[in-house]
Amino acid sequence: MPTDASILSVESVLIGCTAPDQADAITQVGRKLLELGAVEPGYLDAMHERERSVSTFLGEGVAIPHGTDESRRFVKRTALAILQFPDGVDWDGNEVRLCVGIAAKGSEQVGILSSLARILMDGEQVRQLREAPDAETILRLLNQMDEEFSE
């Protein structure tokens, strides 16, 4: 997964978040992308629109909220925002503990989604991400996983 500083940095990761529901979790991750300067405000509505049409729950306690194809016009730069919800968030009957918000220009989203799918194939690695004690640990784990897949 592209984990260079322009796409994912310590500022992109929040640990110990809480959300009363799925909609609030999506809003929080969208606000983080906005705060990072990756998107314009219209992208947040598109993230909710995407979720209404297709669930972004991937399994293993992970969801990947992102906008619609039409909302790419609101993306200023490709970036990820990762929010960890230790107590979990109900996601249409599934529990989400790691929410990865994606803002991608053009076809970059395909590569990011492919990398996330490979990571999710290893339940132990996903558990480590869900239970990471700090942002630095999440970044280190993602970089390690990216290196393993690149070999």
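Definitions and cut-offs
- The residue numbering used here restarts from 1 in each chain and proceeds along that chain's sequence as written.
- The predicted nature of this model means local features are confined to residues of pLDDT at least 70 and side-chain atom pairs, given and counted, to a pLDDT of 80 or more, with totals for whole chains, interfaces and linings taken over all residues.
- Remark: hydrogens and water are excluded; side-chain values derive from all non-hydrogen atoms of the structure.
- At least two bridges found by DSSP between two strands is the condition for calling them paired.
- Helix and strand assignments come from DSSP, with helices taken as H or I runs of at least 4 residues and strands as E runs of at least 2, each series counted from the N terminus.
- Helix span, expected: 1.5 Å multiplied by one less than the number of residues in the helix.
- Residue exposure (1.4 Å probe, protein chains only): buried if accessible area is under 20% of the type maximum, exposed if over 50%, otherwise partly exposed.
- The contact rule is simple, with two residues in contact once any of their heavy atoms fall within 4.5 Å.
- In protein, a polar contact requires one atom able to donate a hydrogen and another able to accept it; more generally it is a pair of N or O atoms within 3.5 Å, and residues adjacent in sequence count only if both atoms are side-chain atoms.
- By disulfide we mean two sulfur atoms from cysteines, separated by a distance within 2.5 Å.
- Joining through side-chain atoms within 4.5 Å is the link that ties buried Ala, Val, Leu, Ile, Met, Phe, Trp, Tyr and Cys residues into a set, and such a set is a nonpolar core.
- We define a salt bridge as a contact between a side-chain nitrogen of Lys or Arg and a carboxyl oxygen of Asp or Glu at a distance within 4 Å.

A. Representation of the sheet that holds strand β4 (residues 79–91) within the structure. Strands sit in the order β1-β4-β5-β3-β2 across an open sheet of 5 strands; the sheet is mixed. The sheet terminates laterally at β1 (13–14) and β2 (57–59), the two strands that pair on one side only. Pairing between β1 and β4: 2 bridges, direction parallel. Within β4, the residue paired with L14 across the bridge is L83.

B. Broad picture of helix α1 (residues 22–35). Taking 1.5 Å of rise per residue, the 14 residues of α1 would be expected to cover 20 Å, and the 20 Å separating its terminal C-alpha atoms lies within 8% of that figure. The set of residues buried in α1 consists of Q22, A25, I26, T27, V29, G30, K32 and L33. Against β1, α2 (42–53), β4 and β5 (94–103) lie the buried residues of α1. The N-capping residue of α1, defined by a side-chain oxygen 3.3 Å from the backbone nitrogen of A23, is D21. Count one or two residues on from α1 and you reach G37, which has phi positive near 80 degrees.

C. Summary view of the state of the cysteines. Evaluation of the coordinates by the stated rule reveals 0 disulfides. For C99, which is in no disulfide, the shortest distance to another cysteine sulfur is to C17 and amounts to 9.0 Å.

D. Spotlight on the pairing of β5. Most of β5 sits out of view: 7 of its 10 residues are buried. Of the pairings in the sheet, the one linking strand β3 (residues 62–63) to β5 comprises 2 bridges and is parallel in character. From the neighbouring strand, A63 faces β5, where its bridge partner is C99. As paired elements, β4 and β5 share 9 bridges and run antiparallel to each other. Along β5, the bridge assignment pairs A81 with G101. Connecting the antiparallel pair β4 and β5 is a turn made up of 2 residues, with D92 showing a positive phi of about 55 degrees.

E. Local environment of the nonpolar core. In this structure, L33, V39, Y43, F85, W91 and A103 are the most contacted members of the largest nonpolar core, which totals 24 residues. Breaking this core down by element, the ones donating at least two residues are α1, α2, β4 and β5. In terms of residue count, the dominant contributor to this core is β4 (6 residues). Filtering out sequence-adjacent residues up to four positions away, V39 remains in contact with G30, L33, L34, L44, F74, V75, K76 and A103.

F. The arrangement of the pattern of salt bridges in detail. Taken as a whole and assessed by the stated rule, the structure comprises 7 salt bridges. The residue R50 makes a salt bridge to D69 at a minimum N-O spacing of 3.9 Å. In this pair, R50 sits in helix α2 while D69 sits in the loop between β3 and β4, placing the two residues 19 residues apart along the sequence. Between D69 and R72 there is a salt bridge whose closest N-O contact spans 3.6 Å. Residue classification places D69 among the partly exposed residues on the basis of a relative accessible area of 48%.

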